[in-house]
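Report on the structure
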Amino acid sequence: MRASSDPNNQAFVTISVDDGHPADLRVAELLAKYNLAATFYIPAHNPENPVMSATQMRELSQRFEVGGHTLNHLPLSSLPTDEVWREISEGKDWLENSLGKPARSFCYPMGKYGSRAAALVKKAGFVGARTCQLNLHDFPDDPFAWGVSTQAHNHGRAVQIRHALLERNFQGVLNFLGVYRFATDWDAHFRRALDRVQTHGGIAHLYLHSWEIDQFDEWHKLESVLRSISQRESLIRVTNGELFAMWGARNRVPAVTEAGKQAKLLIPKKHE
Ligand SMILES: [Zn+2]
């Protein structure tokens, strides 16, 4: 992580890669090529797509953060509470046993979450959780409802707005109009997040599924976006877990500690 000269205008960039598909390893190669930080969210099993081997996952974790994405990649909102708990806690145990280190970050499968799932994620010992809420670029009020700026997948305008309203992501609707200016191409959309964060501070957060990049043959497009991020040297490259830890340091650690002071300095004020 590199420090900016102006602590009140910190600009972060982070990347999430979901689902642990074997093509994630190709994403990892590109991220390494451009020296970018990222968090890979990997479930033990996924009924819809193959998941990389434990050996590949361990190798990936040498260079990147690997976060929890449950045991079976099921929508948590539709499961009974004991199964939700099992999915979250046993998914964490599986990941930590496979990696030989703690897992701090969590991502809700398919972005399905509510207060029940969030409370169980916290109880399991995760420090933050990512959703699929789009068009966001500020530190959230709740670290267990962390949104993203852009999904590396084109969405029409109506879909963006409907999706945001269903998730009660009203800030996302406002940002889609005012900051992202109705961009439907994900490349243009994310470049607007980068521009915004470079000027005003905040977090430009791209999330992607490697199998979608593969399906739409967008590897060149992805590389061009990653190259563009790497050329914006004022952006501080962080994993999701580093952001969650900063949020925690600002909000939970008493301000008298050195860690608290440092974290306060690192966190930009909220911008409209
Ligand atoms: Zn997923």
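As a further point, take helix H6 (residues 170-178). Inspection of H6 places Gly172, Asn175 and Phe176 among the buried residues, and these make up the whole buried set. For H6, the arc enclosing every buried residue in end-on projection is 105 degrees, short of the 170-degree limit, so these residues lie on one face. Facing away from the buried side of H6 by over 90 degrees, the exposed positions are Phe170 and Gly178. Where the residues of H6 are buried, they touch helix H5 (157-166).

Next up on the list: the pairing of strand E2 (residues 39-42). With burial as the criterion, each face of E2 is covered, one bearing Thr39 and Tyr41 and the other bearing Phe40 and Ile42. Bridging between strand E1 (residues 11-18) and E2 involves three bridges; their strand directions are parallel. The residue bridging Ser16 from the neighbouring strand is Thr39, located in E2. Regarding topology, helix H1 (residues 24-33) serves as the crossover connection from E1 to the parallel E2, and that connection is right-handed. Pairing between E2 and strand E3 (residues 65-68): four bridges, direction parallel. Across the sheet, Tyr41 pairs through a bridge with Gly67, a residue of E3. Handedness of the crossover joining E2 and E3 through helix H2 (residues 54-63) is recorded here as right-handed.

Turning our eyes to something else, we now look at unusual backbone geometry. In the Ramachandran plot, His73 falls in the positive-phi region, its phi being about 50 degrees despite a non-glycine side chain. Note that His73 resides in the loop between E3 and helix H3 (81-99). Within the chain, Arg168 stands out as a residue other than glycine whose phi angle is a positive 55 degrees. With respect to the element layout, Arg168 can be found in the loop between H5 and H6. Given 10 C-beta atoms within a 10 Å radius, Arg168 is considered exposed.

With that settled, consider the nonpolar core. Core analysis: the largest hydrophobic core is formed by 66 residues, its most contacted members being Ala38, Phe40, Ala117, Val121 and Ala129. Residues within four places of Val121 in sequence aside, it is in contact with Ile88, Phe106, Phe126, Ala129 and Phe144.

A few words on the confidence of the model for the protein. Caution applies to low-pLDDT regions: their predicted coordinates should not be interpreted in detail. On average, residues of the protein carry a pLDDT of 91, and 89% of them reach 70 or more. Low pLDDT, under 50, characterises residues 1-8; the predicted model gives this stretch 14 contacts beyond four residues in sequence or across chains.

Most of E1 is tucked away: eight of the eight residues are buried. Here E1 shows two buried faces, one formed by Ala11, Val13, Ile15 and Val17 and the other by Phe12, Thr14, Ser16 and Asp18. Alignment of E1 against strand E7 (residues 202-208), held across seven bridges, turns out to be parallel. Each bridged residue has a counterpart across the sheet, and for Ser16 the counterpart in E7 is Tyr207.

Criteria and cut-off values
- Residues numbered from 1 in each chain as written.
- Predicted model: local features only at pLDDT ≥ 70, side-chain atom pairs only at ≥ 80, totals over all residues.
- Buried ≥ 20, exposed ≤ 12 C-beta atoms within 10 Å, placed from the backbone.
- Helix = DSSP H or I, 4+ residues; strand = E, 2+ residues; numbered from the N terminus.
- Arc of directions from axis to C-beta.
- Contact = placed C-beta atoms within 7 Å.
- Pairing = 2+ DSSP bridges.
- Right-handed = clockwise from strand over helix to strand, strands pointing away.
- Core = buried A, V, L, I, M, F, W, Y, C linked by C-beta atoms within 7 Å.
- pLDDT = per-residue confidence, 0-100.

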